[in-house]
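Read off the chains here:
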Amino acid sequence: MNIYFTKCRYVTFSGWRCSLVNTVSCFSLNAPVLHFSSGKFTAGKNWQHKHMYHEGNFEIIIVIHGKLFLQIDQNKLQITAGEAFALPPYHHLCGYQFSPEGTQYFWFHFFVKPGGLKNIQFKTKREIIDTIFKKTDALLPLQFKICEKNKTFLLANQILDVSKGNYFTPLAVDYLLTELIIQLADDYHKQLSGTLISMKKNRVDTIKDWIRANLNSHLKVTDVANAFNLNARYLVRFFKHETGQTVIAYINQLKMDKAKELLIRSDLSIKQVAGEVYFEDEKRFMKVFKNNFNLTPTEFRRAYTRKFLDSSRFDPEVPIKQTPERQ
């Protein structure tokens, strides 16, 4: 029988020390998770993860660059850039090999309210789709790829920013962290359902990759169509049907995603940001940004002025004894 800590009172439940092979963590979405600590870590030379025991807390790691060599109990894993790692409570975690210098990742420790988390074993992936996945739950395996990296990284940055803010209620960061879990679970669901391996999706991905690689201030639909020997009208219909947005909307989305990152993470002027995201006209950039987010670039930047701590000088290891109290 294991012990779950909440509000300095003990709640006991069983069944945690099960194998993580063919197991998913199932989060109830009836209430937000309880954020405890989080950060972004950059590995130095000859670094590997210290030994930790997750006594009651859940951890999510999202690798930005490099590779992590992690041993969970007796199982060895390699978590590479663009992958997530979701470790339930009551497991030992340590590094078994040095990570490349500069390896970087987000880390989040949190608790779940009693009854809000289950470990479910499955036999086949089809079983997860047909019987386990529900609209009221979020499912995460131990290790999986991230599909929507831009959305995931932006949410992670927002969590770190809000966690350092002086909000009147801790629910602000709790709900953001829960949103991140939902985003990751949606990525996992898409992988299971096979929507990312269809021929059409692969073709769309190729087109998106080309657009990202050739993004500039003069890029037009005809340029994209010519690169793939397609009729421009057919490309517009095909792209809209498969993605739900037009080619131009996707081009602007890439520019706006980069603009948001620069506004949050740099001190560049608005004019400089406009140039970095391929807008020759600063006023045009400001208009497009306002139409997309209902905020001017300056207003958006002011909303996230607090700088979170880059914990590059210490391991993301926190001695956790109990959950933070939520009033």
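The following refers to the structure shown. (Residues numbered from 1 in each chain as written. Predicted model: local features only at pLDDT ≥ 70, side-chain atom pairs only at ≥ 80, totals over all residues. Heavy atoms only, no water.)

**Thoughts on the sheet that holds strand β14 (residues 143-145)**
In step 1: Ordered by their spatial adjacency, five strands build an open sheet running β4-β11-β6-β9-β14, and the pairing between neighbours is antiparallel. Each having just a single partner strand, β4 (34-42) and β14 make up the two edges of the open sheet. Across the sheet, the mean angle separating the axes of adjacent strands is 15° when strand polarity is ignored.
In step 2: Taken together, the seven bridges between strand β6 (residues 58-65) and strand β11 (residues 104-111) define a ladder with antiparallel strand orientation. Across the sheet, the residue bridging to E59 is H109, located in β11.
In step 3: With respect to the sheet, helix α3 (residues 171-193) is in contact with β4, β6, β9 (83-87), β11 and β14, its orientation differing from that of β14 by roughly 75°. (Pairing = 2+ DSSP bridges. Helix = DSSP H or I, 4+ residues; strand = E, 2+ residues; numbered from the N terminus. Axes fitted to C-alpha atoms, helices over the stretch in contact; angles between N-to-C directions. Contact = heavy atoms within 4.5 Å.)

**With respect to the environment of S266**
In step 1: Structurally, S266 is set in the loop between α7 (247-265) and α8 (270-276).
In step 2: A residue is classified by how much of its surface remains accessible, and S266, at 17% relative accessible area, is buried.
In step 3: Through-space distance from the C-alpha of S266 to that of R301 is 9.7 Å; in sequence the pair is 35 residues apart.
In step 4: Leave out the neighbours within four places in its chain, and S266 touches E261 and R301. (Buried < 20%, exposed > 50% of the residue type's maximum accessible area, 1.4 Å probe, protein only.)

**Observations regarding the sheet that holds strand β7 (residues 67-72)**
In step 1: Read across the sheet, four strands follow the order β5-β10-β7-β8 without closing on themselves; strand pairing throughout is antiparallel. Where the open sheet ends on each side, the last strands, each with one partner, are β5 (52-53) and β8 (75-80).
In step 2: Examined bridge by bridge, β7 and β8 share six bridges and lie antiparallel to one another. Within β8, the position partnered with Q71 by the bridge is K76.

**Quick notes on helix α9 (residues 282-293)**
In step 1: Taking 1.5 Å of rise per residue, twelve residues should cover 16 Å, and α9 covers 17 Å from first to last C-alpha, within 8% of that figure.
In step 2: Where α9 is concerned, the buried positions are F285, V288 and F289. Buried residues along α9 cover an arc of 100° about the axis, so they all sit on one side. Turned more than 90 degrees from where α9 packs its buried face, K283, K287 and N291 sit exposed.
In step 3: Buried residues belonging to α9 abut α7, α8 and α10 (297-303).
In step 4: One side-chain oxygen of the residue at the start of α9 lies 3.0 Å from the amide nitrogen of K283, identifying that residue as D281.
In step 5: Of the residues flanking the end of α9, it is N294, one or two places downstream, whose phi is positive at about 55°. (Expected span 1.5 Å × (residues − 1). Arc of directions from axis to C-beta. Polar contact = N/O pair within 3.5 Å; in protein donor to acceptor, adjacent residues only side chain to side chain.)

**Side note on the pattern of salt bridges**
In step 1: Inspection of every chain in the model, using the stated rule, returns three salt bridges.
In step 2: Of the charged contacts in the structure, one is a salt bridge between K190 and D186, with a shortest N-O distance of 3.3 Å. In this pair, K190 and D186 both sit in helix α3, four residues apart, roughly one turn of the helix.
In step 3: What makes K190 partly exposed here is its relative accessible area of 28%. (Salt bridge = Lys/Arg side-chain N within 4 Å of Asp/Glu carboxyl O.)

Purely geometric stuff here, so don't read any function into it on its own.
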